[in-house]
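Here is what each chain is made of, one letter per residue.
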Amino acid sequence: MKKLIYFAAAAFLLAGCNDNNDTAGNDYGRLTISCGTDLTIGSRALTVPSGADFSLTLLGNDYTNSWTTVADFNNENPLLKEGKYTVSIAHGDPEAEGIDLAYYATTQEITVIPRRTTPITLTAKIANSQTRVIATERFLTYFHDASFTVTTGSGNTFEYKPTTAETGDPVFVKAETTLTVTGTARHPSQTGVDEGPKITFTPQTLDATQPRTCHTFRFDATDAGSATLTILFDDKPVETISWTFELNNDAIK
């Protein structure tokens, strides 16, 4: 009789522990989250962050919580009340601008199922933008000592001195920022003893960068007396500006 009472009491205690720790009333569940990355843009070989290092935010009905990393969330393995949640992951700084400063992010709606651990896989995409300046071989045939500057809406500047058509690595810039390109170049010397006439290109401004898009300013020339600037989004032309220059002027704008 004593043995039967002992086993019954032990079973009751174990059942109580399982209810409290695992289901908390049978209307709670858990999540396991894994992350990957989608490199939509980027001509440079980027250092891809580990999925476990992404920050994580979880929003639900009367619930908000954040973890420094996805690894922290999975290690904590929190009990969550059943229902719909929004999970967001991110890596990097959306305000940072420069080479290799990619910002990754994504958001997904998920459902917590009671008494079940639900696996979730998220794929973060690059959420900021890129810009660069290039010059064609024809431009470099008619002009030399070209120097260009791209200024972002945040006031950051990036210098380009193209010597070949593909000179100039893209830099990451904020999405929805402005880009203004300015520059100068020189015609070949008409006397053979000076640097040649200097040309200053009229500043051109792009109103807003698009996420996951490389914005290229491409300078071209059909002859020594003209030049064109073509703005490309992911190598697709969207706008072209033309200039005509007087070759007998020392400083032409």
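Above this note sits the structure.
First, a word on what this report is: a plain description of the structure on this page.

Basis of the calculations
Residues numbered from 1 in each chain as written. Predicted model: local features only at pLDDT ≥ 70, side-chain atom pairs only at ≥ 80, totals over all residues. Heavy atoms only, no water. Helix = DSSP H or I, 4+ residues; strand = E, 2+ residues; numbered from the N terminus. Contact = heavy atoms within 4.5 Å. Areas by Shrake-Rupley, 256 points an atom, 1.4 Å probe, with all protein chains shown as cover. Core = buried A, V, L, I, M, F, W, Y, C linked by side-chain atoms within 4.5 Å. Buried < 20%, exposed > 50% of the residue type's maximum accessible area, 1.4 Å probe, protein only. Salt bridge = Lys/Arg side-chain N within 4 Å of Asp/Glu carboxyl O. Lys, Arg positive; Asp, Glu negative; His and termini not counted. Polar contact = N/O pair within 3.5 Å; in protein donor to acceptor, adjacent residues only side chain to side chain. Pairing = 2+ DSSP bridges. Axes fitted to C-alpha atoms, helices over the stretch in contact; angles between N-to-C directions.

**Some thoughts on the overall build of the chain**
Next up, step 1: Counting secondary structure elements, the chain contains three helices and 17 strands.
Next up, step 2: Taking all contacts inside the chain whose residues are at least 6 apart in sequence as the whole, residues at least 24 apart take part in 63%.
Next up, step 3: In the form shown here, the chain has an accessible surface area of approximately 13800 Å², with 50% of it arising from carbon and sulfur atoms.

**Some thoughts on the nonpolar core**
Next up, step 1: Counting 27 residues, the largest nonpolar core has F139, F201, F217 and F219 as the members making the most contacts within it.
Next up, step 2: For this core, the element with the most residues is strand β15 (residues 226–233), which contributes four residues.
Next up, step 3: Ignoring sequence-local partners within four residues, the contact set of F201 consists of F139, F148, G183, T184, A185, F219, A227, W243 and F245.
Next up, step 4: L56, V87, A102 and A124 belong to the second largest nonpolar core, which has 24 residues in total.

**Brief notes about unusual backbone geometry**
Next up, step 1: In this structure, D62 is a non-glycine residue whose phi angle is positive, near 60°.
Next up, step 2: Inspection of the secondary structure assignment puts D62 in the loop between β2 (55–60) and β3 (63–67).
Next up, step 3: In the Ramachandran plot, R115 falls in the positive-phi region, its phi being about 60° despite a non-glycine side chain.
Next up, step 4: Structurally, R115 is set in the loop between β6 (104–112) and β7 (117–126).

**Notes on the pattern of salt bridges**
Next up, step 1: Applying the stated criterion across every chain, the model contains five salt bridges.
Next up, step 2: For K174, the salt bridge is made with E95, and the minimal N-O distance between the two is 3.1 Å. Of this pair, K174 sits in the loop between β11 (171–173) and β12 (179–186) while E95 sits in the loop between β5 (83–91) and β6, placing them 79 residues apart in sequence.
Next up, step 3: With a shortest N-O distance of 3.4 Å, E195 and R186 are connected by a salt bridge.

**Details of the side chain of E97**
Next up, step 1: With respect to the secondary-structure elements, E97 resides in the loop between β5 and β6.
Next up, step 2: Despite its burial, E97 pairs with no opposite charge; the closest candidate is K174, at 6.1 Å N-O.
Next up, step 3: Within the local environment of E97, its side chain forms a polar contact with the side chain of T152, the two groups lying 2.8 Å apart.
Next up, step 4: Those residues in contact with E97 that sit more than four places away from it in its chain are T152, S154, N156, F158, F172, V173, K174 and T177.

**Observations concerning the sheet that holds β15**
Next up, step 1: Strand order across the open sheet formed by five strands is β11-β8-β14-β15-β16, with mixed pairing between neighbours. Each of the sheet's edge strands pairs with one partner strand only, and the pair in question is β11 and β16 (236–244). Geometrically, the sheet is characterised by an average inter-axis angle of 25° between neighbouring strands, direction not taken into account.
Next up, step 2: Across six bridges, strand β8 (residues 129–135) lies against strand β14 (residues 214–223) in parallel orientation. Along β14, the bridge assignment pairs I134 with R218.

**Some words on the sheet that holds β2**
Two pairing modes exist for strands in a sheet, parallel and antiparallel, and in both the strands are linked by backbone hydrogen bonds.
Next up, step 1: On the basis of which strands lie adjacent, the open sheet formed by seven strands has the order β3-β2-β5-β6-β7-β1-β4 and mixed pairing. Only two strands of the sheet have a single partner each, and these edge strands are β3 and β4 (80–81).
Next up, step 2: In this structure, β5 lies alongside β6, joined through nine bridges in antiparallel fashion. Pairing of K84 across the sheet is with T111, part of β6.

**Description of the pairing of β15**
Next up, step 1: Among the eight residues of β15, seven are classified as buried, and the element is accordingly described as predominantly covered.
Next up, step 2: Both β14 and β15 contribute to a ladder of seven bridges, which runs antiparallel. Bridged to H215 within β15 is F233.
Next up, step 3: Taken together, β14 and the strand that follows it, β15, pair antiparallel across an intervening segment of two residues.
Next up, step 4: Bridging between β15 and β16 involves eight bridges; their strand directions are antiparallel. The residue of β16 that forms the bridge with A227 is W243.
Next up, step 5: Between the end of β15 and the start of β16, which pair antiparallel, lie two residues, with D234 showing a positive phi angle near 50°.

Bear in mind that shape data such as this cannot, by itself, settle questions of function.
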